[in-house]
Amino acid sequence: MSFLNRFNIRKERGPNLDSVGRYFNSSAGNSLFMLDSGVKYGSQAHALYKAMQEDIMKQYILRVEYLLLKGMPVLVYNGQNNLLSPNPGVMRWVDELEHAHKQQFDSISFSKWRINNKTVGVMKSAGALELRIVFDAGHFMPMDQ
């Protein structure tokens, strides 16, 4: 039986987060990351979600606008196949930001983002704000690449 993968709509299964815990618990992972070998790492997604639940749905527009006002570079990126944070919502959120280069940002179109002559996404930027949509990626972008 198949189900809709909310992390990446093009994949039948979600990411295997247990492999991260296994690596962190190994001697190589403990050594590389200087981890406490007395701590057992694993998939604590539910516990982490509960601990951060209050932060998940907060409005961060004012904080991002403050960074832009101070000239701090802001990169917003999203996977093309992300069902948890779909691109239309991310693009709308970015379009609502008030900043010094808003008119310029709103007036330009996306351009191809290429790495080694391969188109890997689309991007647009103005001033300190940059938005990238990554092709063939979902919510866990590094695991999809």
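None of the values given here were measured: they were computed from a predicted structure. (Residues numbered from 1 in each chain as written. Predicted model: local features only at pLDDT ≥ 70, side-chain atom pairs only at ≥ 80, totals over all residues. Heavy atoms only, no water.)

So, the nonpolar core
Judged by nonpolar contacts, the single largest core of 14 residues is most densely connected at V76, V94, L97, L129 and L131. When contributions to this core are tallied by element, the ones reaching two or more residues are α4 (61-69), β1 (74-79), α5 (87-95), β3 (118-126) and β4 (129-134). Each residue touching V76, except ones within four places of it in the same chain, is listed here: V90, W93, V94, L129, E130, L131 and R132. The next biggest cluster of nonpolar side chains, apart from the first, holds 6 residues, and it includes W113, M123, V134 and A137. (Core = buried A, V, L, I, M, F, W, Y, C linked by side-chain atoms within 4.5 Å. Buried < 20%, exposed > 50% of the residue type's maximum accessible area, 1.4 Å probe, protein only. Helix = DSSP H or I, 4+ residues; strand = E, 2+ residues; numbered from the N terminus. Contact = heavy atoms within 4.5 Å.)

A closer look at the sheet that holds β3
Across the sheet, 4 strands lie side by side as β1-β4-β3-β2; this open sheet has mixed pairing. At either end of the open sheet lies a strand with only one pairing partner, and these are β1 and β2 (111-115). Within this sheet the neighbouring strands show an average axis-to-axis angle of 30°, counted without direction. (Pairing = 2+ DSSP bridges. Axes fitted to C-alpha atoms, helices over the stretch in contact; angles between N-to-C directions.)

Thoughts on unusual backbone geometry
Positive phi is not limited to glycine here, since M34 has a value of about 50°. Summarising the element assignment, M34 is placed in the loop between α2 (27-33) and α3 (45-56). Residue classification places M34 among the exposed residues on the basis of a relative accessible area of 75%. Notably, N116 is not glycine yet its phi reads approximately 50°, a positive angle. On the accessibility criterion, N116 (74% relative accessible area) is exposed.

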